[in-house]
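A structural walkthrough
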Amino acid sequence: MTSPIVLILHAAAAAMLVLSSAPAATAQDFYAGKQITLIVGAGVGGGYDLQARVTARHLGKHIPGNPSIVVQNMPSRIAAANHMFSTAPKDGATIALLQRGILLAKLIYPTGTRFEIEKFHWLGSLNSEVAVTLAWHNAPHKTAKDLFDKELIVGGITGVDPETTPRIYNSLIGTKFKVVTGYNSTGQIALAVERGEVHGIGDWSWSSLKAVRPNWLADKQITLLMQGALNKEPELGNLPSALDFIKNDADRKVMELHFTQKKAARPLVAPPEVPAERVALLRKAFEALAKDKEFLAEADKARLEIGFVPGAEIDKVVAQIASTPPDIAERYTKAFAPEQK
């Protein structure tokens, strides 16, 4: 017959085993029967929106409990980031695909930026990007040189690459872009180009252009003028880079800072304070999604380029931006000053 002391010891050991496994069980079971909200910090119809909706159809099966996922658009990318930082539930049931411009937003719009990028949980990025500058076929701009000689009217989204990139080009390399803002997505700007409201786009992701307007390329309706990223895209051949026109090291550092965000071109975040074990589950789910054959097949059909960048790599980009030397940060801010009147 087992002694009472042995029984007590066994019971204590069993209790400790249950307690030690409780956090893992909680993390694994949290999403069962739940719905995840995937906020998109962009308007309907653009590249971010399309990627988010394809992602939402496949991500849940890689999260324990197989939660459903619903997409919610917030066209203002700073408002979306502010919401994720301060207002969104911090339990891991709300995540976001934010515009990469939030990485540098504090340097350009410090008063409206109420988030700290280093405090977000970076889950990864669906892709890294190269920007292209393009003009409609009837515009007089046929080469990059024409951007320095003739004004090109382009559509912009306040605080986002289609607006910020041509402005920094004007400041650092002397191009003559005129930016018309007020659009909510690159899809809207594309319609404006087709209607003749504007004559081009100063910065559109190469992958988004191919996904959203493949006919522009197939039917030669546009002229590609320049590319913008830290490294040239081989697919674009000899198309010149904006960095080719930089004249001094100080300006080069400023433009390279601007292009750093393109490594995290489609950044996925969870709010601060989400439990670490749930962040780990979400990171693992996105890494599994990047190898999901059904997801990749749908992305390919939609002409979406997926080149997943793990969360740990995005952490390095964020740390690099957060530690930008004050003189470079000041030069970056001043690069936008001429048009802030």
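For the structure given in this document, a descriptive report is provided here. Note that the coordinates shown come from a computational prediction; the quantities given were computed from them, not determined experimentally.

A few words on helix H3 (residues 77–87). Considered for burial, the residues of H3 that qualify are Arg77, Ile78, Ala80, Ala81, Asn82, Met84 and Phe85. Residues of H3 that are buried sit in contact with strand E1 (35–40), strand E3 (94–97), helix H4 (105–108) and strand E10 (267–270).

All right, on to the packing of helix H6 (residues 161–173) against helix H10 (residues 249–260) then. Two numbers describe how H6 lies on H10: the axes approach to 11 Å, and their chain directions differ by 170°. Compared by their axis directions, H6 and H10 come out roughly antiparallel. Contacts between H6 and H10 pair Thr164, Thr165, Ile168, Tyr169, Leu172 and Ile173 from the former with Asp251, Val254, Met255, His258 and Phe259 from the latter. Here the residues of the contact of H6 with H10 sort into seven nonpolar, three polar and one charged.

Picture the strands of a sheet paired through backbone hydrogen bonds; they go either parallel or antiparallel. Strand order in the open sheet formed by six strands is E2-E1-E3-E10-E4-E11, with mixed pairing between adjacent strands. Every other strand in the sheet has two partners, leaving strand E2 (68–73) and strand E11 (309–310) as the edge strands with one partner each. Inspection of the sheet shows strand E4 (residues 121–125) paired to E10 by four bridges, in the antiparallel sense. Bridge pairing links His121 to Ala270 in E10. Each of E1, E2 and E3 is contacted by helix H2 (residues 47–56), which is oriented at about 165° to E2, the strand it contacts most. Across the sheet, H3 lies against E1, E3 and E10, angled at about 155° from E3, the strand it touches most.

Further remarks concern the environment of Ile246. Tracing the sequence through the fold places Ile246 in the loop between strand E9 (222–228) and H10. Along the primary structure Ile246 and Ile173 are separated by 73 residues, whereas in three dimensions their C-alpha atoms are 5.9 Å apart. With residues up to four places along the chain from it excluded, the contact list for Ile246 reads Leu172, Ile173, Asp251, Arg252 and Met255.

Taken as a whole and assessed by the stated rule, the structure comprises 21 salt bridges. A salt bridge links Asp146 to Lys150; the nearest nitrogen and oxygen atoms lie 3.1 Å apart. By relative accessible area, which is 11% here, Asp146 ends up buried. Through salt bridges that share partners, Arg100, Asp161, Asp203 and Lys262 make up one connected network.

So, about the environment of Tyr48. Position of Tyr48 relative to the elements: it lies in helix H2. On the basis of relative accessible area, Tyr48 is assigned to the buried category, the value being 10%. Along the chain, Tyr48 and Leu126 lie 78 residues apart, while their C-alpha atoms are 9.8 Å from each other. Among all residues touching Tyr48, those that are not within four sequence positions of it are Val40, Ala42, Leu97, Leu98, Gln99, Arg100, Ala265 and Arg266. Among the polar contacts made by the side chain of Tyr48, one reaches the main-chain carbonyl oxygen of Ala265 at a distance of 3.0 Å.

In terms of nonpolar packing, the biggest core is built from 54 residues, with Ile95 and Trp216 touching the most fellow members. Element by element, the count of residues in this core is highest for helix H11 (residues 276–289), at five residues. Apart from residues no more than four positions distant in its own chain, Trp216 is found in contact with Leu134, Trp136, Ala190, Val193, Glu194, Ile201, Trp204, Leu209, Gln221 and Ile222. By size, the runner-up hydrophobic cluster in this structure holds 51 residues, among which are Phe148, Met226, Val269 and Phe336.

So, how was this worked out
- Residues numbered from 1 in each chain as written.
- Predicted model: local features only at pLDDT ≥ 70, side-chain atom pairs only at ≥ 80, totals over all residues.
- Heavy atoms only, no water.
- Buried < 20%, exposed > 50% of the residue type's maximum accessible area, 1.4 Å probe, protein only.
- Helix = DSSP H or I, 4+ residues; strand = E, 2+ residues; numbered from the N terminus.
- Contact = heavy atoms within 4.5 Å.
- Axes fitted to C-alpha atoms, helices over the stretch in contact; angles between N-to-C directions.
- Parallel < 35°, antiparallel > 145°, perpendicular 65-115°, else oblique.
- Nonpolar A, V, L, I, M, F, W, Y, C, P; charged D, E, K, R; others polar.
- Pairing = 2+ DSSP bridges.
- Salt bridge = Lys/Arg side-chain N within 4 Å of Asp/Glu carboxyl O.
- Polar contact = N/O pair within 3.5 Å; in protein donor to acceptor, adjacent residues only side chain to side chain.
- Core = buried A, V, L, I, M, F, W, Y, C linked by side-chain atoms within 4.5 Å.

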